[in-house]
Amino acid sequence: MSGYYEAPSVDDRAIWDLWLSMHHLPAATAAEELGIFDALCETPLSFDDLAAKFSLNRRALSALMAMLCALKLTTRREGVYRPTAVTRDYLKSDSEYFWGPLLSSYKNESSVHKQLMELLKQGDTDMSGRHVEGWAAGKIEAETAKFIARFMHAHSLPAAVAAARSGVYDGVKKFLDVGGGSGVFAIAAAQRHPDLAATVMDLDTMCAAAQEIFIEGSGVETRVDTAAVDMFREDWPQGYDALFFSNIFHDWNEDTNAVLAKKSFDALPSGGRIFLHEMLMNDNEDGPLTTASFSMLMLRGTKGKQYTLRELGGILEGAGFAGVAATQTSPYYSVVSARKP
Ligand SMILES: C[S@@+](CC[C@H](N)C(=O)[O-])C[C@H]1O[C@@H](n2cnc3c(N)ncnc32)[C@H](O)[C@@H]1O
């Protein structure tokens, strides 16, 4: 199906912005319904103050506050949240310009608003959703795997081509794409680097989908193969000089990511490299807007979030990696790299 992956004629920012605009209004309506805007107009509050005052789930509140900042409805300075002028005028319930009556009519129509309210009020349990239970259990049905492979491929192809052209893989000879999905990163890397061989490691049904739909016909079939491995329960294949994870750490919490980082460290030889391809939240956790909205999607469907470079670097260093650095490879994505000493 694939052939050689040419770069698209225009970057994919606009389509990501369009897709993830789905959380803009629900973030504002949830905050308004909870009374967050009124509370911040009364007094600036830290994250802990907000979580305690409203008894909200911390992961959900963190995703929500990042969205509100990115939407320019609140600011975050030295960890303290304040309303912007727009919020004071239009979202404070006793303002004569209050938009509440207008916004309220959209709450009942929006399934995202309702889900967000449930997640925020859920207490501090480890929530999850959709495919992530199957992933955690190491089992995905064949038809679901094909659907996920196509879904992931659509959003990952431009980023995969950009990462392959960015130079981050220079010098890599054997590349293990952990949770490789459709295989798009392995295929793009092999197409761009004639000396590179890659393995897509994933659950058995995903490997079959990647092989059938994407690897066959890619022109690099002889250098890209698959390994059906449950990354949580089984030993990882050895002999690779680089381990690559795209959109994997954002599916899991920090404890699970620490386990993945440690397994990576143990699987690599000295000098081996780890690459994390992720959309990074900025250091102040207040944007970029589309990354904040991707984090909302992770809240709604996984156990993870979009991390900052500091958070990912901390996980890698905790496993023993050194030399953490980030390279922006496409408008929203970066590759965080580190080396086993
Ligand atoms: C968000 S997708 C990322 C796919 C691809 N890396 C990309 O960026 O397009 C997560 C991938 O992790 C894989 N995965 C989840 N749980 C796994 C497990 N227990 N063992 C191996 N792979 C797993 C899924 O099958 C899926 O392909």
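What you see is a predicted model, and the numbers here were worked out from it, not measured in a lab.

**What about the domain arrangement of the protein?**
Right, so step 1: What the domain assignment lists for the protein is domain 1 (17–120) and domain 2 (134–339).
Right, so step 2: Contact residues are listed per partner, giving 15 residues for domain 1 and 17 residues for domain 2.
Right, so step 3: Sorting the residues of the side of domain 1 that touches domain 2 by element identifies α5 (58–70) and α8 (111–120) as the ones contributing at least two each.
Right, so step 4: Of all the elements, α5 adds the most residues to the side of domain 1 that touches domain 2, at seven residues.
Right, so step 5: Its residues placed into classes, the side of domain 1 that touches domain 2 shows 10 nonpolar, two polar and three charged.

**What about helix α13 (residues 254–267)?**
Right, so step 1: Compared with an ideal rise of 1.5 Å per residue, which puts 14 residues at 20 Å, α13 spans 20 Å between its outermost C-alpha atoms and is within 8% of the ideal.
Right, so step 2: Within α13 the residues assigned to the buried category are Asn257, Leu260, Ala261 and Ser264. The buried residues of α13 occupy an angular sector of 100 degrees when the element is viewed end-on, so they sit on one face.

**Some points on unusual backbone geometry**
Note on backbone geometry: most residues besides glycine have negative phi, and most peptide bonds are trans.
Right, so step 1: A cis amide bond links Gly287 with the next residue in sequence, Pro288, at an omega value of -5 degrees.
Right, so step 2: For Ser55, which is not glycine, the phi torsion reads 50 degrees and is therefore positive.
Right, so step 3: Summarising the element assignment, Ser55 is placed in the loop between α4 (47–54) and α5.
Right, so step 4: Despite not being glycine, Asn247 shows a phi value in the positive range, around 55 degrees.
Right, so step 5: Within the secondary structure, Asn247 is located in the loop between β7 (242–246) and α13.

**Some details on α5**
Right, so step 1: With 13 residues, α5 should cover 18 Å at 1.5 Å per step; its first-to-last C-alpha distance of 18 Å lies within 8% of that length.
Right, so step 2: For α5, the buried fraction is high: 11 of the 13 residues fall into the buried class.
Right, so step 3: Of the residues making up α5, those classed as buried are Arg59, Ala60, Leu61, Ala63, Leu64, Met65, Ala66, Met67, Leu68, Cys69 and Ala70.
Right, so step 4: Of the surrounding secondary structure, the elements contacted by the buried residues of α5 are α2 (24–34), α4, β2 (74–77), β3 (80–83), α8 and α14 (289–301).

**Details of the sheet that holds β3**
Right, so step 1: Within the open sheet, the three strands sit side by side as β1-β3-β2. Their pairing is antiparallel. With partners counted over all chains shown, the strands left at the sheet margins are β1 (45–46) and β2, one partner each.
Right, so step 2: Summarising the sheet, β1 and β3 pair through two bridges and their orientation is antiparallel. Each residue of the ladder has a partner; that of Ser46, found in β3, is Val80.
Right, so step 3: Together, β2 and β3 form the strand contacts of α5, whose direction differs from that of β2 by roughly 110 degrees.

**Section: the pairing of β3**
Right, so step 1: Side chains Tyr81 and Pro83 project from β3 onto a buried face, and the interleaved Val80 and Arg82 project onto a face without burial.
Right, so step 2: With antiparallel pairing between neighbouring strands as the criterion, β2 and β3 make up a hairpin whose turn holds two residues, including Glu78 at a positive phi of roughly 50 degrees.

**Let's talk about the packing of α2 against α5**
Right, so step 1: For the pair α2 and α5, interaxial distance at closest approach is 10 Å and the crossing angle is 110 degrees. Our classification of the angle between α2 and α5 gives roughly perpendicular. Two packed elements cross with a definite hand, and for α2 against α5 that hand is left-handed. Residues Ala27, Ala30 and Ala31 of α2 touch α5, and the partners they reach there are Leu64, Met67 and Leu68.
Right, so step 2: The class makeup of the residues in the contact of α2 with α5 is six nonpolar, no polar and no charged.

**Some remarks on the nonpolar core**
Right, so step 1: In this structure, Leu64, Met67, Phe175 and Ala189 are the most contacted members of the largest nonpolar core, which totals 100 residues.
Right, so step 2: If sequence neighbours within four positions are ignored, Ala189 has contacts with Ala164, Tyr169, Phe175, Leu196 and Ala198.

**Some points on the pairing of strand β4 (residues 174–178)**
Right, so step 1: Within β4, four of the five residues are buried, which leaves the element mostly enclosed by the surrounding structure.
Right, so step 2: Pairing of β4 with strand β5 (residues 197–202), which is carried by five bridges, proceeds in the parallel orientation. Residue pairing for β5: Lys174 is matched across the bridge by Ala197.
Right, so step 3: You can see the chain leave β4, run along helix α11 (residues 184–192) and come back into β5, and the turn it takes is right-handed.
Right, so step 4: One ladder, built from four bridges, connects β4 with β7; its direction is parallel.

Calculation criteria
- Residues numbered from 1 in each chain as written.
- Predicted model: local features only at pLDDT ≥ 70, side-chain atom pairs only at ≥ 80, totals over all residues.
- Domains from an automatic or database assignment.
- Contact = placed C-beta atoms within 7 Å.
- Helix = DSSP H or I, 4+ residues; strand = E, 2+ residues; numbered from the N terminus.
- Nonpolar A, V, L, I, M, F, W, Y, C, P; charged D, E, K, R; others polar.
- Expected span 1.5 Å × (residues − 1).
- Buried ≥ 20, exposed ≤ 12 C-beta atoms within 10 Å, placed from the backbone.
- Arc of directions from axis to C-beta.
- Pairing = 2+ DSSP bridges.
- Axes fitted to C-alpha atoms, helices over the stretch in contact; angles between N-to-C directions.
- Parallel < 35°, antiparallel > 145°, perpendicular 65-115°, else oblique.
- Left-handed = near helix turned anticlockwise from the far one by under 90°.
- Core = buried A, V, L, I, M, F, W, Y, C linked by C-beta atoms within 7 Å.
- Right-handed = clockwise from strand over helix to strand, strands pointing away.

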